[in-house]
Amino acid sequence: NCWNRREDTISSTQACMSWNSAKGKDIMAIQRQRLREILFQIELLKRRKVQRFLLETGLTPGQGQARILIYLSSHSSVTQKEIADGCMLDVTTMSRVLNKMEEMGLISRRRDPGCRRAYQIGLTEAGRQKAKEVDRGFKRLEEILCRDLSEEEIRSLTAGLEKVKESLETGEDM
């Protein structure tokens, strides 16, 4: 009789542990889903703010003009391929974007003396001013993003998001 009570206690404990384990898995699934949703919402909110800012500065959202300006502000006289690689933009669409930026007076192109088919691309004075304006806007966005976070929370969040980024870069396809 004592043995039966002991077995009942053991089986009740095991049942409770497996329920907690299943509950823990459900909670983690909910947490992962919530993480995905939060990252998506953050991206949408950030995109809206950036699009509004870019339109106010006279740039076209979604074409990479802001990234190109920032890249060129720290890399003088580079090729189209170098810009595409540095800004993670598609080389095939770069010509149109650079044509528009040249029409706007933001960049200049000159033949590359080392390769007759290539151009060296750099910022004009107007481009340098626009790059500074974009840089100030992005710094303001960083302030908004981090406004309610402590330094420790920023470090911890950054470390966690670096791991997420690594997983996406090295992980398998969906």
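Source: prediction; values computed, not measured. (Residues numbered from 1 in each chain as written. Predicted model: local features only at pLDDT ≥ 70, side-chain atom pairs only at ≥ 80, totals over all residues. Heavy atoms only, no water.)

Novice: So what about the overall build of the protein chain? Which residues, and what values?
Specialist: What the protein chain contains, in helices and strands, is six helices and two strands. Only carbon and sulfur atoms are counted for the fraction: they give 54% of the accessible area of the protein chain, which is about 13300 Å². (Helix = DSSP H or I, 4+ residues; strand = E, 2+ residues; numbered from the N terminus. Areas by Shrake-Rupley, 256 points an atom, 1.4 Å probe, with all protein chains shown as cover.)

Novice: Which residues make up the side chain of T57, and what are the values?
Specialist: Looking at the element boundaries, T57 is found in helix α1 (residues 2-57). Within the structure, T57 has its side chain in polar contact with the backbone oxygen of L54 (distance 2.8 Å). Apart from residues no more than four positions distant in its own chain, T57 is found in contact with K130 and E133. (Polar contact = N/O pair within 3.5 Å; in protein donor to acceptor, adjacent residues only side chain to side chain. Contact = heavy atoms within 4.5 Å.)

Novice: Give a description of the pairing of strand β2 (residues 115-123) that names residues and reports values.
Specialist: Sheet analysis places strand β1 (residues 107-112) next to β2, joined by six bridges and oriented antiparallel. Looking across to β2, one finds that R111 is bridged to Y119. Here β1 folds back onto β2 in antiparallel fashion, the turn holding two residues. (Pairing = 2+ DSSP bridges.)

Novice: Tell me about the nonpolar core, and please be specific about residues and values.
Specialist: Counting residues in hydrophobic clusters, the biggest one holds 25 residues, and the most contacted among them are L59, I68, L69, L72, I83, M94 and I107. Put simply, the parts of the chain that give this core at least two residues each are α1, α2 (65-74), α3 (80-87), α4 (91-103), β2 and α5 (125-146). The element best represented in this core is α2, accounting for five residues. Beyond its immediate sequence surroundings of up to four residues, L59 is in contact with L54, Q65, A66, L69, M104, L106, K130 and V134. (Core = buried A, V, L, I, M, F, W, Y, C linked by side-chain atoms within 4.5 Å. Buried < 20%, exposed > 50% of the residue type's maximum accessible area, 1.4 Å probe, protein only.)

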